[in-house]
Amino acid sequence: MDVTQASRECETVLDEIGGAVICEREFLETVLLGVVGRGHVLLEDVPGTGKTLTAKSVATALGLSFSRIQFTPDLLPSDVTGTHVFNEQERQFEFNEGPIFANIVLADEINRAPPKTQAALLEAMEEGQVTVDGETRPLPQPFFVIATQNPVEQEGTFPLPEAQVDRFLVKTSMGYPDEAGEVELLHRRRSRDAMSPSVDTVFEPEHVAQLRQVPETVRVDDDLIDYVVALARETRTDGRVEVGVSPRGTQRLFEAARAYATIVGREYVTPDDIKRVAQPVLAHRLVLTPDATVNNVSKIQIVDTVLESVPVPTVE
């Protein structure tokens, strides 16, 4: 699969999902970045905006298996990864796979589970495997996590540790639709019998693996590599930031830029590609100082400042 074909396939997937989910096209592109860039996506938004529908629609459109895990304070790691159950007929223990064994996993309200259960996702997200009772089991490939967080009702939640937040390629939100979008939502509901919209499968599962390899062929010039590094390092010098973007974050910005170039059908990365993905890739990786937190400094503002202060290379 070349870049042109990959972009055409991505457009088909975006059009199909857009027929079910009322949201900005840019939001869907950001979610698709996680698939193409071989990363994971963190969605933070209020209930009822369509986060679950988006995740299910992505899985269906790509022809991949899907599972949903509702994270609660009493959820155990074994509820996610699976456990051994004694088979009385065979007189031996058998492993029952947990909901993590799917291509696309929706970790709903991930910050409501205790840290021990959240940690069960760490190995899965980074290594594509889980270890239960000392035995390591590979997860289906491709493997992709869409996690959601509710920014309200923080009582009884467990904030994700920075090490786990850093595992997400991008963090984004849907927001409320505009008035025209909400009217369109009701028009679509009136024209169907089912309560929730559905999408068709437009992708073969084996094509997803091919799609995820295409960004490796996208060219990134040396001056743009320097630009990516300069952006990451600039976050570490901002006085409002206690912990800036890690080297892993620098690499993720590089990978996300190549993935975005693939989605738009370009065989090379431009400065605009890097700037387009900088917010969803970098903002959630920043740890602010206590003073900045008290003063309600936005991480998005800091990334904006970094983008303005770092000289943009000229593409000839």
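Rules behind the numbers
- Residues numbered from 1 in each chain as written.
- Predicted model: local features only at pLDDT ≥ 70, side-chain atom pairs only at ≥ 80, totals over all residues.
- Heavy atoms only, no water.
- Buried < 20%, exposed > 50% of the residue type's maximum accessible area, 1.4 Å probe, protein only.
- Helix = DSSP H or I, 4+ residues; strand = E, 2+ residues; numbered from the N terminus.
- Arc of directions from axis to C-beta.
- Contact = heavy atoms within 4.5 Å.
- Polar contact = N/O pair within 3.5 Å; in protein donor to acceptor, adjacent residues only side chain to side chain.
- Pairing = 2+ DSSP bridges.
- Axes fitted to C-alpha atoms, helices over the stretch in contact; angles between N-to-C directions.
- Phe/Tyr/Trp six-rings, centres within 6.5 Å; stacked < 30°, edge-to-face > 60°.
- Lys NZ or Arg CZ within 6 Å of the ring centre and 35° of its normal.
- Core = buried A, V, L, I, M, F, W, Y, C linked by side-chain atoms within 4.5 Å.
- Salt bridge = Lys/Arg side-chain N within 4 Å of Asp/Glu carboxyl O.

A. A look at helix 13 (residues 299-309). Buried residues of helix 13: Ile-302, Val-303, Val-306 and Leu-307, and no others. Down the axis of helix 13, the smallest arc covering the buried residues is 140°, so these residues share one side. Buried-residue contacts for helix 13 involve helix 9 (222-235), strand 10 (241-243), helix 11 (271-282) and strand 11 (287-288). One side-chain oxygen at the N-terminal end of helix 13 lies 3.1 Å from the backbone nitrogen of Ile-300; it belongs to Ser-298.

B. Representation of the sheet that holds strand 8 (residues 144-149) in the model. The strand order 2-5-8-1-9 describes an open sheet built from 5 strands, whose pairing is parallel. If you trace the sheet from one side to the other, it starts and ends with strand 2 (66-70) and strand 9 (170-172), each paired once. Sheet twist, expressed as the mean angle between neighbouring strand axes with direction ignored, is 15°. In terms of strand pairing, strand 5 (residues 104-108) meets strand 8 through 4 bridges, oriented parallel. In the sheet register, Val-105 faces strand 8, and the bridge partner there is Val-145.

C. Quick look at unusual backbone geometry. Gln-141 connects to Pro-142 through a cis peptide bond whose omega is 0°. Structurally, the position occupied by Pro-142 is in the loop between strand 7 (135-138) and strand 8. Non-glycine residue Glu-109 carries a positive phi angle of around 50°. Relative to the assigned elements, Glu-109 resides in the loop between strand 5 and helix 5 (115-127). For Asn-296, which is not glycine, the phi dihedral falls at a positive 55°.

D. How the structure looks around the packing of aromatic side chains. For the structure on display, the rule yields 1 aromatic pair. Considering the side-chain rings of Phe-95 and Phe-101, the 6.0 Å spacing of their centres and the 70° angle between planes classify their relative orientation as edge-to-face. The pair formed by Phe-95 and Phe-101 is uniform in burial state, with each residue classed as buried. Cation over ring: Arg-137 sits above Phe-95, and NZ or CZ is 4.0 Å from the ring centre. Over the face of the ring belonging to Tyr-268 we find Arg-266, whose NZ or CZ atom lies 5.8 Å from the ring centre.

E. Fine view of the pairing of strand 7. Pairing of strand 6 (residues 129-132) with strand 7, which is carried by 4 bridges, proceeds in the antiparallel orientation. Looking at strand 7, one finds that Gln-129 is bridged to Pro-138.

F. Local environment of the nonpolar core. In terms of nonpolar packing, the biggest core is built from 67 residues, with Leu-62, Leu-253 and Ile-274 touching the most fellow members. Ignoring anything within four residues of it in the chain, the contact list for Ile-274 reads Leu-224, Tyr-227, Val-228, Leu-231, Leu-253, Ala-257 and Val-269. Of all hydrophobic cores here, the second largest spans 25 residues; its members include Ile-100, Phe-101, Ala-124 and Leu-160.

G. Looking closely at the pattern of salt bridges. Inspection of every chain in the model, using the stated rule, returns 17 salt bridges. Between Arg-167 and Glu-126 there is a salt bridge, and its shortest N-O distance comes to 3.0 Å. Here Arg-167, found in the loop between helix 6 (162-165) and strand 9, pairs with Glu-126, found in helix 5; they are 41 residues apart in sequence, far enough to count as distant. The class for Arg-167 is buried, based on a relative accessible area of 19%. Here Glu-126 falls in the partly exposed class, since its relative accessible area comes to 32%. Connected through shared salt-bridge partners, Glu-11, Asp-15 and Arg-25 make up one network.

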